[in-house]
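The primary structure of each chain is shown beneath.
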Amino acid sequence: RTTIPERMRASELLAQDSLTVGDRPVPVPAADEVLIRVASVGVCGSDTHYFTHGRIGPFVVEQPLVLGHEASGVIVAVGEGVDAARVGSRVSIEPQRACRVCEQCKKGAYNLCPEMQFFATPPIDGAFAEYVTIQSDYAHDIPDSVSAHAAALMEPLSVGIWACQKAGVTAGSRVLIAGAGPIGLVTAQVARAFGATEIIITDISEERLAVAAQHGATRALHASESVEEMTVDAFIDASGAGPAIRAGIPAVKPAGRIVLVGLGADELTLPVNLLQNRELWLTGVFRYANTWPLAIELVAAGRVNLDALVTHTFGLDDVENALMAGRIPGALKAIVEPWR
Ligand code: NAD
Ligand code: ZN
């Protein structure tokens, strides 16, 4: 650790609408952890929500919180139980720490671990900082051909992979996706990579629909158009909009699947009779598990293009602008580079 400083800069959310760049000790990796010099961190809607509201549901910002959970970097030190040969590796961070011993963890469904500690979810700090630590097996090596930005965006890509897996997307699938934000667009890219032959995406923003074809969509439709006659194998909601969910369900073929990714429509009236008559499967998704190896393969093989999502980059002093970049026309994904 001789070349690693004692102190570092980190962007701290003090309370709603209040950000500062704080001075903190560089974290020391525990025995099973690695220390990562952070390269790129994507801004997610949840980061923006913590900034503008100071909370997400029961998670309230009560002490300075470092935001950011879509991160990449380089391993600069390892804990005593980790192979020192990992120092120097470029990695994508899977930003979660599960207990490893509960029923869900043992089944491999570690995203459902009740003890989950997730980056940038109070009181767990995230990655808008010069350095972070993570358990060694959650720091995934990336090939040289994958950019630091793309390595950071393995996180939202994982959401798309998990959604397509839950939706059973496969060769020849017809898929309807509501919402052409970063999540809807990566989901479309994954559906294409999985072999879907029809990928219909809807949004209320013409600007977002305009880029959908570059991300694999075979049709981009304004949400005001009817999708009812689409007869798709799977419908994935990446909008969180109640009307979009309600409109998508009748488009699904008998025995097809509905996967709810978007957050926001907490209570909804469902066409129960339709779900019964067609024996539709309906599930929510909570992040992802075991998706990083596939995410990295898809990007390395050129089947998914994450760099195409990046529209803006900012430094650590500019995190507020990064969090509000979603308001800029044409913005898709803003990235924070702590060392910029
Ligand atoms: P985003 O806000 O950038 O994208 C949502 C898109 O939906 C926007 O482009 C918006 O115009 C569009 N939209 C709004 N109303 C619509 C309608 N009626 N029909 C069709 N489209 C409509 O957000 P994002 O970053 O792409 O994330 C998408 C959603 O996924 C968010 O709700 C986010 O919180 C959620 N999310 C869930 C998980 C999970 O684990 N379940 C993980 C990550 C993100
Ligand atoms: Zn667990």
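Residues numbered from 1 in each chain as written. Chains lettered and ligands numbered in written order. Predicted model: local features only at pLDDT ≥ 70, side-chain atom pairs only at ≥ 80, totals over all residues. Heavy atoms only, no water.

**Notes on the coordination of the zinc ion (ligand 2)**
Argument step 1. Bound to the zinc ion (ligand 2) are the protein donor atoms Cys99 (SG), Cys102 (SG), Cys105 (SG) and Cys113 (SG), situated 2.3 Å from the metal.
Argument step 2. Motif for the zinc ion (ligand 2), donor spacing along one chain: C-x2-C-x2-C-x7-C.
Argument step 3. Residue classification places Cys99 among the partly exposed residues on the basis of a relative accessible area of 24%.
Argument step 4. Given the relative accessible area of 11%, Cys105 is considered buried. (Donors = N, O, S within 2.8 Å, 3.2 Å for Na, K, Ca; no water. Buried < 20%, exposed > 50% of the residue type's maximum accessible area, 1.4 Å probe, protein only.)

**A closer look at the environment of His222**
Argument step 1. For His222, the location among the structural elements is in strand S14 (residues 219-222).
Argument step 2. Spatially, the C-alpha atom of His222 lies 24 Å from that of Cys44, the residues being 178 residues apart in sequence.
Argument step 3. Setting aside anything within four residues of it in sequence, one finds His222 in contact with Asp203, Ile204, Glu206 and Leu209. (Helix = DSSP H or I, 4+ residues; strand = E, 2+ residues; numbered from the N terminus. Contact = heavy atoms within 4.5 Å.)

**Overview of the sheet that holds strand S17 (residues 281-284)**
Argument step 1. Ordered by their spatial adjacency, six strands build an open sheet running S14-S13-S12-S15-S16-S17, and the pairing between neighbours is parallel. Strands at the two margins of the open sheet, each flanked by one partner only, are S14 and S17. Strand-to-strand, the axes of this sheet are offset by a mean angle of 15°, without reference to chain direction.
Argument step 2. In this sheet, strand S15 (residues 232-237) lies alongside strand S12 (residues 174-178) in parallel orientation, the contact comprising four bridges. (Pairing = 2+ DSSP bridges. Axes fitted to C-alpha atoms, helices over the stretch in contact; angles between N-to-C directions.)

**Quick word on the packing of helix H4 (residues 154-166) against helix H5 (residues 182-193)**
Helix-helix packing is described using two parameters, namely the angle between the two axes and the distance between the axes.
Argument step 1. Where H4 meets H5, the closest approach of the two axes is 8 Å, and the angle between their N-to-C directions is 55°. Relative to H5, the element H4 is oriented oblique. Pair H4 / H5 crosses with right-handed handedness. Residues Pro156, Leu157, Val159, Gly160, Ile161 and Cys164 of H4 form the contact with H5, whose own contacting residues are Ile183, Val186, Thr187, Val190 and Ala191.
Argument step 2. The class makeup of the residues in the contact of H4 with H5 is nine nonpolar, two polar and no charged. (Parallel < 35°, antiparallel > 145°, perpendicular 65-115°, else oblique. Left-handed = near helix turned anticlockwise from the far one by under 90°. Nonpolar A, V, L, I, M, F, W, Y, C, P; charged D, E, K, R; others polar.)

**Considerations on the site of ligand 1**
Argument step 1. Every one of the 20 residues lining ligand 1 counts as a neighbour, but Asp203, Arg208, Leu263, Val285 and Arg287 are closest to it.
Argument step 2. Ile183 places a polar main-chain atom, nitrogen or oxygen, 3.0 Å from an oxygen atom of ligand 1.
Argument step 3. Here a nitrogen atom of ligand 1 sits 3.0 Å away from a polar atom, N or O, in the main chain of Val261.
Argument step 4. Notes on ligand 1: free accessible area 860 Å², of which the protein chains cover 77%.
Argument step 5. Of all elements in the fold, only H5 and strand S13 (198-203) reach the threshold of two or more residues within the shell around ligand 1.
Argument step 6. Here the shell around ligand 1 is composed, by residue class, of 12 nonpolar, five polar and three charged. (Near = heavy atom within 4 Å. Polar contact = N/O pair within 3.5 Å; in protein donor to acceptor, adjacent residues only side chain to side chain. Areas by Shrake-Rupley, 256 points an atom, 1.4 Å probe, with all protein chains shown as cover.)

**Concerning the nonpolar core**
Argument step 1. Counting 96 residues, the largest nonpolar core has Ile36, Phe128, Met154, Leu157, Ile236 and Leu306 as the members making the most contacts within it.
Argument step 2. If one sorts the elements of this core by residue count, H4 sits on top with seven residues.
Argument step 3. Counting the residues that make up this core, at least three belong to each of domain 1 (7-153 + 306-336) and domain 2 (157-284).
Argument step 4. If we ignore the near neighbours within four places in the chain, the residues touching Leu306 are Ala150, Leu153, Met154, Leu157, Val186 and Val299.
Argument step 5. Ala178, Leu221, Val232 and Ile245 belong to the second largest nonpolar core, which has 17 residues in total. (Core = buried A, V, L, I, M, F, W, Y, C linked by side-chain atoms within 4.5 Å. Domains from an automatic or database assignment.)

Everything listed is a geometric property; what it means functionally is a separate question.
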